[in-house]
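# Fold and contact review
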Amino acid sequence: TKLRVGLLFGGCSGEHEVSISSARAVAQALSAEQNAHKYEVIPFYIHKDGRWQAGEIPQNVLDGTLVEFQHSTSPQSQTSHKWQYPVQVTEVDVWFPILHGPNGEDGTIQGLLTLMQVPFVGSGVLGSALGMDKIAMKMAFAQAGIPQVKYMALNRAQIWSNPCVFPKLCDEIEATLGYPCFVKPANLGSSVGIAKVRSRSELETALDNAASYDRRIIVEAGVKARELECAVLGNDAPKASVVGEITFNSDFYDYETKYTPGKADWLIPAPVSDAVSSQIQAMALQAFAAVDAAGLARVDFFYVEATGEVLINEINTLPGFTATSMYPQLWVNTGISFPDLVDELIENAISRHSGFK
Ligand code: ADP
Ligand code: MG
Ligand code: MG
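Not measured: the values here are computed from a predicted model.

### What about the nonpolar core?
By size, the foremost hydrophobic cluster in this structure holds 38 residues, and its most contacted members are Leu7, Phe9, Phe96, Phe321, Val342 and Ile346. Counting residues per element, the ones that place at least two in this core are strand 1 (3-10), helix 1 (16-30), strand 2 (39-46), helix 3 (56-63), strand 4 (94-97), strand 9 (226-234), helix 13 (326-332) and helix 14 (338-356). The contacts of Leu7, once residues within four sequence positions are left out, are Ala23, Val26, Ala27, Val41, Ile42, Pro43, Phe44, Leu62, Phe96 and Ile98. In terms of nonpolar packing, the next biggest core, distinct from the first, is built from 28 residues, Ala136, Met137, Ala297 and Tyr303 among them.

### As for the sheet that holds strand 10 (residues 239-248)
The pairing of strands in a sheet comes from backbone hydrogen bonds and takes either a parallel or an antiparallel form. What the five strands build is an open sheet, ordered 11-10-9-12-13; its pairing is antiparallel. Edge positions in the open sheet fall to strand 11 (264-267) and strand 13 (309-316), since each of these has one partner strand only. Going from strand to strand, the sheet's axes swing by 30° on average, the running direction of each strand aside. Two elements, strand 12 (residues 295-304) and strand 13, share seven bridges in a ladder whose sense is antiparallel. Looking at strand 13, one finds that Asp300 is bridged to Glu314.

### Focus: the site of ligand 1
Inspection of the region around ligand 1 gives 18 residues, with Lys134, Lys184, Ser191, Glu227 and Lys258 positioned closest. Note that an oxygen atom of ligand 1 is positioned 3.2 Å from one of the backbone N or O atoms of Ser190. Note that an oxygen atom of ligand 1 is positioned 2.9 Å from one of the side-chain N or O atoms of Glu314. Surface burial for ligand 1 is 96%, taken as the share of its 550 Å² of free accessible area covered by protein chains. Looking at the shell around ligand 1, the elements with two or more residues in it are strand 6 (181-185), strand 8 (216-221) and strand 13.

### Examining helix 6 (residues 125-132)
Inspection of helix 6 places Gly127, Ser128, Leu130, Gly131 and Met132 among the buried residues, and these make up the whole buried set. Contacts from the buried residues of helix 6 go to helix 5 (108-116), helix 7 (134-143) and strand 13.

### Some words on the side chain of Ser241
With respect to the helices and strands, the residue Ser241 is situated in strand 10. By relative accessible area, Ser241 is classed as buried at 0%. Contact partners of Ser241, with chain neighbours within four places excluded, come to Cys230, Ala231, Gln281, Leu330, Trp331 and Thr334.

### A word on the state of the cysteines
The bond known as a disulfide is covalent and runs between the sulfur atoms of two cysteines. The tally for this structure, following the rule as stated, stands at zero disulfides. For the unlinked cysteine Cys170, the closest cysteine sulfur is that of Cys181, found at 9.5 Å.

### Concerning the pattern of salt bridges
Tallying each qualifying case throughout the model produces 21 salt bridges. In this structure, the salt-bridge partner of Arg226 is Glu245, at a minimum N-O distance of 2.7 Å. Note that Arg226 is positioned in strand 9 and Glu245 in strand 10, a separation of 19 residues in sequence. The burial state of Arg226 is the same as that of Glu245; both residues are buried. The structure contains a network of salt bridges with shared partners spanning Asp171, Glu174, Arg200 and Glu204.

### Some details on the side chain of His100
The residue His100 is located in the loop between strand 4 and helix 5 in this model. One polar contact links His100 to Ser22, side chain to side chain, over a distance of 3.0 Å. For His100, the residues in contact, after removing those within four places along its chain, are Ser13, Glu15, Val18, Ser19, Ser22, Glu105, Leu318, Pro319, Gly320 and Phe321.

### Some remarks on unusual backbone geometry
The omega torsion of the bond from Tyr179 to Pro180 falls at -5°, within 30 degrees of zero and hence cis. Following the sequence through the fold, Pro180 ends up in the loop between helix 9 (165-176) and strand 6. Going from Ile268 to Pro269, the amide bond is cis rather than trans, its omega being -5°. Tracing the backbone through its elements, the reader meets Pro269 in the loop between strand 11 and helix 12 (274-290). If you check the backbone angles, Asn103 has positive phi at about 70° while not being a glycine. Judged by relative accessible area, which is 35%, Asn103 ranks as partly exposed.

### A short note on the packing of aromatic side chains
What the rule picks out here adds up to twelve aromatic pairs. Geometrically, the ring pair formed by Phe182 and Phe252 is edge-to-face, given 5.3 Å between the ring centres and 90° between the ring planes. Here the residue Phe182 occupies a position in strand 6, and Phe252 occupies one in the loop between strand 10 and helix 11 (255-259), the gap between them amounting to 70 residues. Measuring from ring centre to ring centre gives 6.5 Å for Tyr327 and Trp331, while their planes differ by 70°; the resulting arrangement is edge-to-face. Here Tyr327 and its partner Trp331 are both found in helix 13, four residues apart, which amounts to about one turn of the helix. Residue Tyr327 is classed as buried on the basis of its relative accessible area of 0%.

Rules and cut-offs
- Per chain, residue numbering runs from 1 following the sequence as it is written.
- Working convention: letters from A go to chains and numbers from 1 go to ligands, in the order in which they are written.
- Restriction of local features to residues with pLDDT of at least 70 applies here, the model being predicted, together with a cutoff of 80 or more for giving and counting side-chain atom pairs; totals for whole chains, interfaces and linings are based on all residues.
- Side-chain measures here rest on the full set of heavy atoms in the structure, leaving out hydrogens and waters.
- Throughout this description, the term nonpolar core refers to a set of buried Ala, Val, Leu, Ile, Met, Phe, Trp, Tyr and Cys residues connected via side-chain atoms within 4.5 Å.
- For every residue, the accessible area (1.4 Å probe, protein chains only) is compared with the maximum for its type, and the residue is labelled buried under 20%, exposed over 50%, or partly exposed between those bounds.
- Counting from the N terminus, the helices are the DSSP runs of H or I reaching at least four residues and the strands are the DSSP runs of E reaching at least two.
- Contacts were defined at the residue level, with two residues in contact if any of their heavy atoms lie within 4.5 Å.
- Two strands form a pair only when DSSP identifies at least two bridges running between them.
- Angles here are taken between N-to-C directions and fall from 0 to 180 degrees, while the axes themselves are lines fitted to C-alpha atoms, restricted in helices to the stretch in contact.
- In these notes, residues near a molecule or strand are those with any non-hydrogen atom within 4 Å of it.
- Polar contacts, as counted here, are pairs of nitrogen or oxygen atoms within 3.5 Å of one another; within protein the pair requires one atom able to donate a hydrogen and one able to accept it, and residues that are adjacent in sequence qualify only if both atoms are side-chain atoms.
- Computed with the Shrake-Rupley method and a 1.4 Å probe, the accessible areas treat only the protein chains shown as cover for residues.
- Disulfide assignment relies on a single distance test, namely cysteine sulfur atoms paired within 2.5 Å.
- The term salt bridge refers to a side-chain nitrogen of Lys or Arg lying within 4 Å of a carboxyl oxygen of Asp or Glu.
- Note on aromatic pairs: the rings of Phe, Tyr and Trp (six-membered ring only in Trp) are paired at centre separations within 6.5 Å, and the planes decide the class, stacked below 30 degrees, edge-to-face beyond 60, tilted for the rest.

Here is the structure:
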């Protein structure tokens, strides 16, 4: 009998559309010849308002025949409770959550799936939560001794509630980090809400803006560096892929650069020395362990060529997963095809589940 894979996609985050593309690629890989005899896909679409849906609609969203379900005008959404789950939930043997950003990558879904006592692909609650919150993530990296940029952790109250404290806070940021620095909401992705600032007035605006996205805000010293990425796959003895590089012409790798075709390019493998790429692979594995990640993660780095320094930027526990995304492409270039990758992730989910219980 086939293993029934619950493919969970969509979700309430800014990365809803990316999630659909990722899920489409995973569904295709599961029905590829080498996997079709082993797996049956049960798609679950999470609407932007949080409702879960099984059956025809998720299939249509995956096929691209339904672009966006009009949840706001659906009579069902006005009468039914958001947290009713379709009956098909009980038919799932293993979950494959392919949700990016808040409510998908941050441990919330992972907590729900843990309570269901069904194996799922990827990190658990702790790894997901640490990977989402840039402040908690950096604390874990610091504790593990992984080099990173200097940063300050702030909260919304310091920025909004006290007009006497705010100028002092800005003074402190200027003295500690200088310009340029990067202001970020701690719990987002896709560069949403991130600003590179070069002056006091830009700093003030960026802090106010970041505070509108999140209670937790991080400010980091800006570095001039190349951006390198490494994929990790496995559980307690994970492996690291070849290293890739992101190149672009914009000021930094912002939302527009990430999602406008042609604005960014990749090089796999990255044109760096063997020493640098081994160092990055070792740091990627350290970072994976530091946040207690599992299954998969893409670990992103700054390579400051002028000094030879390699700094960790972040870990993404549910990285973009379309056929052309960096994570699967890094594995293709390391010798693992997309269908094999998906198969290995599901195997890992099952072995992790049985290992713990
Ligand atoms: P996200 O999780 O949204 O991808 P990142 O922290 O990776 O957020 O920041 C997005 C981009 O902003 C990075 O890929 C990089 O181009 C730029 N950036 C972020 N922090 C720094 C920094 N401290 N120094 C230089 N560039 C940075
Ligand atoms: Mg990120
Ligand atoms: Mg990033």
